[in-house]
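# Observations on the three-dimensional arrangement
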Amino acid sequence: MSKEILTGNELTSGAAVYLSATGEWVEPLQSARLFSKEEVAERDAALAATKAGGRVISLEIEEVDEVDGQIVPKRLRERIRAAGPTAPLTLNGQAYDRQHLGEDGHVSI
Amino acid sequence: MYRYDEFDAAFVAGRTAQFADQVKRRLSGELTEDQFRPLRLMNGLYLQLHAYMLRVAVPYGTLSSRQMRKLAHIARVYDRGYGHFTTRQNIQYNWPKLKDIPVILDELASVEMHAIQTSGNCIRNVTTDQFAGAAADEIIDPRPVAEILRQWSSLHPEFSYLPRKFKIAITGASHDRAAIRFHDIGLQAAVNAAGEIGWEVWVGGGLGRTPMIAKLINSFVPNEHLLAYLESIMRVYNRYGRRDNKYKARIKILVHEEGLETIKGQVEAEFAEVRGGVLTLPSEEVDRISAYFALPDFAPQSLTKIDVAYESILDAAYGRWLDNNINAHAQPGYASVTVSLKPVGGAPGDATHTQMEVVADLAEKYSYDELRVTHEQNLVLPHVALADLRAVFDALVAAELAEGNNNLITDMICCPGLDFCALANARSIPIAQEISRKFAEPARQKEIGELKIKISGCINACGHHHVGHIGILGVEKKGGELYQITLGGDATEHASVGKIIGPGFEAENVPGAIEKLVDFYIAQRQGTDETFIQAYRRLGEAPFKEALYGTA
């Protein structure tokens, strides 16, 4: 049974963030609050509160699966958003790290 | 090189200060995101998958060493130490923070650069031949006209809210290296019966979800009336271009739906009104701007030829580089050097800040302080003495910029794709990396010869896949990535749009599919002089399709 998470980009850094169970917007996908189909009202209330706050933008509802206790977004786009680019850096062969929140980027609803 | 006059300096300074205030108000919460978004887009600031992306305009791809050093500085201090050069001859930074944008724009303004009109429904950065002012096959240096177009189109009040974005390319050579037939307006230098130089005007070309080859709307517009003619086209487009559907809003759709003759009649009617008015280019003003682009005072050179075959025996890598990355210069004893940003396994178009510094140093020392960005995502040192080529090559080797692969199979155009782009459906960079690894062997690349592969991660075609000899289009299918292959595209004066030749491939099978097509071409070609695109045109689609998919 798939569930939903809320995601967006933090205003100052642009970093991909997820709404956690404690109402904070955090970097780790695995800390995301899972909304069941019965929790549409809570989900929409969180979305509205976040939008009103204006510190997390480009808000989206993403469908996810739980696989071996891990949250796995259904869309490849969202999996790449969570982990960072897959293409290695030209010179050292390492993948680019994802964007991180700056010290002024911590947001709660 | 162009230089800002007091008007340019004032509007860039004004806009930079204005946007700094808008950022401040956004961060304080005074502006909502809905209010701020159109403002940031007007200043080249996008929000992509992982972060903001800032697109900086490089006017017609021309840079000085000082400007390139500033781009390196911005990459080093405010981003992650690299930048991505694009098919509009611009540069993009993939990781800037919103709070740093005002100071980045200040830094850019200090070297006469900005990010204005790199997004939005306005006239975008005018592009041109990367060898402009240097190429041996040039009729006229297009840069003075490109500069006039830059001045005319910057903050043009009538064309700030067009139905859709608008792209202009200009070339002064008969061989089209600027893909002018795939622009909203393409300009090609022409000579009339009286021997005067003017411009062929092409209209309604483009890529994206509806690729179209531009149509010739006027075979000769005199230089002095060019702005009036272009303004006439813009007015017709602004008046009649569709605003009900963004996918049908480009001028190519208007020309296609109304027909060239109808549009031509409307343009001519408008032209009759504005011709001879304030948009007439005074020859003294053209001369003044042309003086900024006067050729360097070239030092006489005793070395006017290089024996590439001999050099290849001594040093194969240097020989390959001479063979592929050197373009004939109008000035005896000089050449234009293409600096490849396509290392095997690298991300096409990316350059680190140290590489940008190296290229800036080389431009200052060996290329009269000039640099170019190509629409094929490489850099160019336009004016290098043949006697200095070895020193330039050695410096590029040390900076890992000496790949001798210009116009070969590993010299691919590639969009950022789903690794970075919010619009993409599939990844592009890993596909380019795997193809370049598969064909990394220099002898293999030489055997294949000129072959242009272009890769896009969605139908918007930023990777120009429609005009690749082999095009690759990433699409989303059942939650995964699938790659369609097109054949027969060509961005030059022999313009053609590639055709999808069959079912798509999984990512891991794309390099193998390319290899089948390449092997078939080599087996069928009428000698090594017949290029892939020539063989494709001679043989047609069917045998290539059979080679790729087998007999039905």
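Each chain has its residues counted from 1, running along the sequence as written. Note on labels: chains are lettered from A, ligands numbered from 1, in written order. With pLDDT at 70 or above as the cut-off, local features in this predicted model cover only qualifying residues; side-chain atom pairs require 80 or more to be listed or tallied, and sums for whole chains, interfaces and linings still use all residues.

### Some words on the overall build of chain B
- Helix and strand definitions here come from DSSP, where helices need a minimum of 4 consecutive H or I residues and strands a minimum of 2 consecutive E residues; each element is numbered from the N-terminal end. Scanning chain B for helices and strands turns up 18 helices and 20 strands.
- Scaling as 2.2 N^0.38, a compact globule of 552 residues should have a C-alpha radius of gyration of about 24 Å, and chain B matches this with 23 Å.
- Projected onto its principal axes, the C-alpha coordinates of chain B cover approximately 60 × 60 × 60 Å.
- A residue is called partly exposed when the number of other C-beta atoms within 10 Å of its own lies between 12 and 20, exposed at 12 or fewer, and buried at 20 or more, with C-beta atoms placed from the backbone. Within the span of chain B, comprising 552 residues, buried residues form 54% of the whole.
- Contacts spanning at least 24 positions in sequence make up 66% of the contacts within chain B whose residues lie at least 6 apart. Both definitions apply: the radius of gyration is a C-alpha atom measure, and the globule rule equals 2.2 Å times residues to the power 0.38. Note on contacts: residues are paired as contacts if their backbone-placed C-beta atoms lie within 7 Å.

### Some remarks on the overall build of chain A
- When you go through chain A residue by residue, the secondary structure sums to two helices and six strands.
- Of the regular secondary structure in chain A, the N- to C-terminal order runs β-β-β-α-β-β-α-β.
- For 109 residues, the compact-globule estimate of 2.2 N^0.38 gives 13 Å, and the C-alpha radius of gyration of chain A, at 14 Å, lies within 12% of that figure.
- With respect to the three principal axes, the spread of C-alpha positions in chain A is 50 × 35 × 20 Å.
- Going through the 109 residues of chain A one by one, you find that 37% of them count as buried.
- Partitioning the intrachain contacts of chain A with sequence separation of at least 6 by distance along the chain shows that 57% fall at a separation of at least 24.

### Focus: the interface of chain B and chain A
- Each partner contributes residues to the interface: chain B has 29 residues there, and chain A has 25 residues.
- At the level of elements, strand E13 (350-352), helix H14 (429-438) and strand E19 (480-487) of chain B are the ones that each hand at least two residues to the side of chain B that touches chain A.
- Counting residues per element, the side of chain B that touches chain A draws most heavily on H14(B), at three residues.
- Residues were grouped as follows: Ala, Val, Leu, Ile, Met, Phe, Trp, Tyr, Cys and Pro as nonpolar; Asp, Glu, Lys and Arg as charged; and all remaining residues, including Gly, as polar. Its residues assigned to classes, the side of chain B that touches chain A shows 13 nonpolar, eight polar and eight charged.

### Remarks on the domain arrangement of chain B
Residue and element names in this part refer to chain B.
- The domain architecture assigned to chain B consists of domain 1 (6-109), domain 2 (134-291), domain 3 (308-398) and domain 4 (413-549).
- What fixes the domain bounds is an automatic or database domain assignment. The distance between the C-alpha centroids of domain 3 and domain 4 comes to 26 Å.
- Here the side of domain 3 that touches domain 4 is built from residues that sort into three nonpolar, two polar and three charged.

### What to know about the sheet that holds strand E3 (residues 62-64) of chain B
Residue and element names in this part refer to chain B.
- By definition, two strands form a pair when at least two bridges between them are found by DSSP. Spatially, the five strands line up as an open sheet ordered E3-E14-E15-E12-E11, and their pairing is antiparallel. Looking at the sheet topology across the chains shown, the edges are occupied by E3 and strand E11 (326-328). Between one strand and the next, the sheet's axes are offset by a mean angle of 35°, whatever the strand orientation.
- Relative to strand E14 (residues 370-373), E3 runs antiparallel, the two sharing three bridges. Each residue of the ladder has a partner; that of Thr62, found in E14, is Arg372. To get an axis, a line is fitted to the C-alpha atoms, and for a helix only the part in contact is used. The angle between two axes follows their N-to-C directions and goes from 0 to 180 degrees.

### Some points on the sheet that holds strand E6 (residues 127-128) of chain B
Residue and element names in this part refer to chain B.
- If you trace the five strands from one edge of the open sheet to the other, you get E6-E7-E8-E9-E10, paired in mixed fashion. The open sheet terminates on both sides in strands that have one partner only, identified here as E6 and strand E10 (215-222).
- Here strand E7 (residues 168-171) pairs with strand E8 (residues 185-191) via four bridges, running parallel. Residue pairing for E8: Thr171 is matched across the bridge by Gln188.

### Overview of the nonpolar core
- Residues enter a nonpolar core if they are buried, belong to Ala, Val, Leu, Ile, Met, Phe, Trp, Tyr or Cys, and are joined to the set through C-beta atoms within 7 Å. Core analysis: the largest hydrophobic core is formed by 95 residues, its most contacted members being B:Ile170, B:Val201, B:Val203, B:Ile233, B:Ile455 and B:Ile472.
- In terms of residue count, helix H6 (residues 226-240) of chain B provides more of this core than any other element does, nine residues in total.
- Taken together, domain 2 (134-291) and domain 4 (413-549) of chain B each give at least three residues to this core, which thus spans both.
- When near neighbours in sequence (up to four residues on either side) are disregarded, B:Ile455 contacts B:Met412, B:Ile413, B:Cys414, B:Cys415, B:Ser428, B:Ile431, B:Ala432, B:Gly463, B:His465 and B:Ile472.
- Core analysis: the next-biggest nonpolar cluster, separate from the first, contains 82 residues, A:Ala15, B:Val23, B:Ile104 and B:Ala132 among them.

### What to know about the packing of helix H5 (residues 143-153) of chain B against helix H9 (residues 283-292) of chain B
Residues and elements named next belong to chain B.
- Relative orientation of the contacting elements H5 and H9 amounts to 110°, with a least axis distance of 9 Å. Between H5 and H9, the angle falls in the class roughly perpendicular. The way H5 lies across H9 gives a crossing that is right-handed. Contacts from Pro144, Glu147 and Ile148 in H5 reach Val286, Ile289 and Ser290 in H9.
- Split into classes, the residues belonging to the contact of H5 with H9 amount to four nonpolar, one polar and one charged. Should an angle fall under 35 degrees it is called roughly parallel, over 145 degrees roughly antiparallel, and 65 to 115 degrees roughly perpendicular, with every other angle called oblique. In a left-handed crossing the near helix is turned counterclockwise from the far helix by less than a right angle, and in a right-handed crossing that turn is clockwise.

### Details of the confidence of the model for chain B
- Confidence of the predictor at the level of single residues is given by pLDDT, which spans 0 to 100. When pLDDT is averaged across chain B, the result is 96; 100% of the residues are at 70 or more.
- Confidence metrics for the complex model read pTM 0.96 and ipTM 0.95.

### Here we look at the pairing of E14(B)
Residues and elements named next belong to chain B.
- Where burial is concerned, the two faces of E14 agree: the one with Glu370 and Arg372 and the one with Leu371 and Val373 are both buried.
- As defined by bridge partners, E14 adjoins strand E15 (residues 379-385) across two bridges and the pair is classed as antiparallel. The partner of Val373 across the bridge, within E15, is Leu379.
- Connecting E14 to the next strand, E15, in antiparallel fashion are five residues, including Gln377 with a positive phi near 70°.

### Re helix H4 (residues 101-109) of chain B
Residues and elements named next belong to chain B.
- Listed in full, the buried residues belonging to H4 are Ile101, Ile104, Leu105 and Leu108. For H4, the angular spread of the buried residues around the axis is 95°, confining them to a single face.
- On its buried side, H4 packs onto helix H1 (6-28), strand E1 (45-47), strand E2 (52-56) and helix H3 (65-78). Throughout, the arc means the angular range of directions from the helix axis out to the C-beta atoms.

### Quick notes on the environment of B:Gly502
Residues and elements named next belong to chain B.
- Considering the arrangement of structural elements, one finds Gly502 in the loop between strand E20 (499-500) and helix H16 (510-524).
- Look at Gly502 and you get partly exposed, because 16 C-beta atoms sit within 10 Å.
- As for Gly502 and Leu386, which are separated by 116 residues in sequence, their C-alpha atoms are 46 Å apart.
- Apart from the residues within four sequence positions on either side, Gly502 is in contact with Lys545, Leu548 and Tyr549.

### Points about the packing of H3(B) against H4(B)
Residue and element names in this part refer to chain B.
- Interhelical geometry of H3 versus H4 gives an angle of 165° and a closest axis separation of 10 Å. The orientation of H3 with respect to H4, classified from their angle, is roughly antiparallel. When you trace H3 past H4, the crossing you get is right-handed. Where H3 approaches H4, its residues Lys70, His73, Ile74 and Tyr78 are matched on the opposing element by Ile104, Glu107 and Leu108.
- Classifying every residue of the contact of H3 with H4 gives four nonpolar, one polar and two charged.

### Looking at unusual backbone geometry
Residue and element names in this part refer to chain B.
- Even without glycine at this site, Ala179 takes up a positive phi of about 55°.
- Residue placement: Ala179 occurs in the loop between E7 and E8.
- A positive phi angle, close to 70°, is found at Asp369, a residue other than glycine.
- Here Asp369 shows up in the loop between helix H12 (353-366) and E14.
- Under the C-beta neighbour-count criterion, Asp369 is labelled partly exposed, with 18 such atoms within 10 Å.

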